[in-house]
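# Overview (structure and organization)
One letter stands for each residue in the lines below.
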Amino acid sequence: MKLADEVRHSSEDIGDLVLSDVVSALHRRVKVSHEFDIPYIAGYSRDATTIYIDRHLPRTIRWRGKDVRLEPFLVCHEIVENGLLPVFRTPG
């Protein structure tokens with residue numbers, strides 16, 4: 001898929017639609033597994049193609065009267081963490 005095809009909303013303000021596009025684009029790039037016991041709730045494979053979410057973690061939580069899916073937030077976090085760790089990791 002071309003990058004231009006992924007972006008449905010353009011804005012200098014980061015609103016709900018823009019963030020939704022980003023989360024969806026990130027999620028399409030990985031496989032997600034809920035099959036294992038994962039320390040610290042979630043993690044990623046060495047090649048960062050699979051995001052592992054602890055099998056005991058509920059798929060949704062109730063927040064402000066609505067059921068909210070946890071997976072998109074965890075996938076986004078793990079992908080960003082994987083990209084930023086090499087930049088900020090101190091040598092030694």
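Everything below is about the structure shown above.
Residues numbered from 1 in each chain as written. Predicted model: local features only at pLDDT ≥ 70, side-chain atom pairs only at ≥ 80, totals over all residues. Heavy atoms only, no water.

### Overview of the nonpolar core
By size, the foremost hydrophobic cluster in this structure holds 7 residues: Val30, Ala42, Ile51, Ile53, Leu70, Leu74 and Val75. Going through the elements one at a time, strand E3 (50-53) and helix H3 (71-88) are the ones with two or more residues in this core. Beyond its immediate sequence surroundings of up to four residues, valine 75 is in contact with His27, Val30, Val32 and Ile51. (Core = buried A, V, L, I, M, F, W, Y, C linked by side-chain atoms within 4.5 Å. Buried < 20%, exposed > 50% of the residue type's maximum accessible area, 1.4 Å probe, protein only. Helix = DSSP H or I, 4+ residues; strand = E, 2+ residues; numbered from the N terminus. Contact = heavy atoms within 4.5 Å.)

### Points about unusual backbone geometry
The backbone phi angle of tyrosine 40 is positive, close to 65°, even though this residue is not glycine. Classification of tyrosine 40 by relative accessible area gives exposed; the value is 80%. Positive phi, close to 50°, is recorded for arginine 64, a residue that is not glycine. By the secondary structure assignment, arginine 64 is in the loop between strand E4 (60-63) and strand E5 (66-69).

### Focus on the packing of helix H2 (residues 16-28) against H3
Contact geometry for H2 and H3: axes closest at 9 Å, N-to-C directions at 75°. Taken together, H2 and H3 sit at an angle that is classed as roughly perpendicular. Taking contact as the criterion, the partners of Val23, Leu26 and His27 in H2 are, on H3, Glu71, Pro72, Val75, Cys76 and Ile79. When its residues are assigned to classes, the contact of H2 with H3 shows 6 nonpolar, 1 polar and 1 charged. (Axes fitted to C-alpha atoms, helices over the stretch in contact; angles between N-to-C directions. Parallel < 35°, antiparallel > 145°, perpendicular 65-115°, else oblique. Nonpolar A, V, L, I, M, F, W, Y, C, P; charged D, E, K, R; others polar.)

That's the geometry; what it means functionally is another story.
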